[in-house]
Amino acid sequence: DCPEFTEDITKLMLVKMIQQLEDNIEFEHTSPMGISMLWKEVTGSFHPKMMNYENDMEQSTHKTSIFLQQAEECFCQNLEEGEDGIEYRQFYDAYLQPYFGCF
């Protein structure tokens with residue numbers, strides 16, 4: 001229950017979603033984070049109760065960024081000269097094996 005979540009705000013949110021669809025902008029609006037992002041688009045700021053979703057997303061994005069950077073470094077270190085890719089098994093052995101011991 002949130003007194004700021006009024007019928008007027010929901011109408012503005014619906015208008016924004018329709019505008020995004022018409023502009024072929026595909027955002028997800030079904031999760032708590034998706035709704036909080038839509039709220040921010042409409043009102044200009046996050047509602048205080050929604051800030052925890054923003055903080056969680058920032059932490060998750062940071063962790064994903066670190067993971068992708070490490071994977072890219074491993075890929076580049078194991079890329080043979082003149083090649084533009086490596087085999088899955090080679091990437092697995094170089095990067096994933098320490099995390100997944102299933103092969």
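In case you missed it, the structure is sitting above this.
Rules used in this analysis
- Residues numbered from 1 in each chain as written.
- Predicted model: local features only at pLDDT ≥ 70, side-chain atom pairs only at ≥ 80, totals over all residues.
- Heavy atoms only, no water.
- Axes fitted to C-alpha atoms, helices over the stretch in contact; angles between N-to-C directions.
- Helix = DSSP H or I, 4+ residues; strand = E, 2+ residues; numbered from the N terminus.
- Parallel < 35°, antiparallel > 145°, perpendicular 65-115°, else oblique.
- Contact = heavy atoms within 4.5 Å.
- Nonpolar A, V, L, I, M, F, W, Y, C, P; charged D, E, K, R; others polar.
- Salt bridge = Lys/Arg side-chain N within 4 Å of Asp/Glu carboxyl O.
- Phe/Tyr/Trp six-rings, centres within 6.5 Å; stacked < 30°, edge-to-face > 60°.
- Buried < 20%, exposed > 50% of the residue type's maximum accessible area, 1.4 Å probe, protein only.

### A short note on the packing of helix α1 (residues 7–22) against helix α2 (residues 32–43)
For any two helices packed against each other, one specifies the crossing angle of their axes together with the interaxial distance. Running from N to C, α1 and α2 cross one another at 100°; their axes reach a closest spacing of 9 Å. As far as their axial angle goes, α2 and α1 are roughly perpendicular. Residues Ile9, Leu12, Met13, Lys16, Met17 and Gln20 of α1 touch α2, and the partners they reach there are Ile35, Leu38, Trp39, Glu41, Val42 and Thr43. Of the residues that constitute the contact of α1 with α2, the class distribution is eight nonpolar, two polar and two charged.

### Quick word on the environment of aspartate 56
Topologically, aspartate 56 is positioned in helix α3 (residues 51–77). Sequence-wise, aspartate 56 and aspartate 93 are 37 residues apart; in three dimensions their C-alpha atoms are separated by 32 Å.

### Some thoughts on the pattern of salt bridges
According to the stated counting rule, one finds three salt bridges in the structure shown. Across the pair arginine 89 and aspartate 93 runs a salt bridge whose closest N-O atoms are separated by 3.0 Å. With arginine 89 and aspartate 93 both in helix α4 (residues 88–96) and four residues apart, this pair spans about one turn of that helix.

### Regarding the side chain of serine 36
Within the element layout of this structure, serine 36 appears in helix α2. Aside from chain neighbours lying at most four places away, what touches serine 36 is Phe46, Met50 and Tyr53.

### Focus: the packing of aromatic side chains
Scanning all chains against the criterion turns up two aromatic pairs. Aromatic side chains phenylalanine 5 and tryptophan 39 sit 5.8 Å apart centroid to centroid with 15° between the ring planes, which places their arrangement in the stacked category. Placement of phenylalanine 5 in the segment before α1 and of tryptophan 39 in helix α2 is noted, with a sequence separation of 34 residues between them. For phenylalanine 5, a relative accessible area of 41% puts it in the partly exposed group. Taking relative accessible area as the criterion, tryptophan 39 reaches 5% and is therefore assigned buried.

Functional significance is not addressed by these values, which are geometric in nature.
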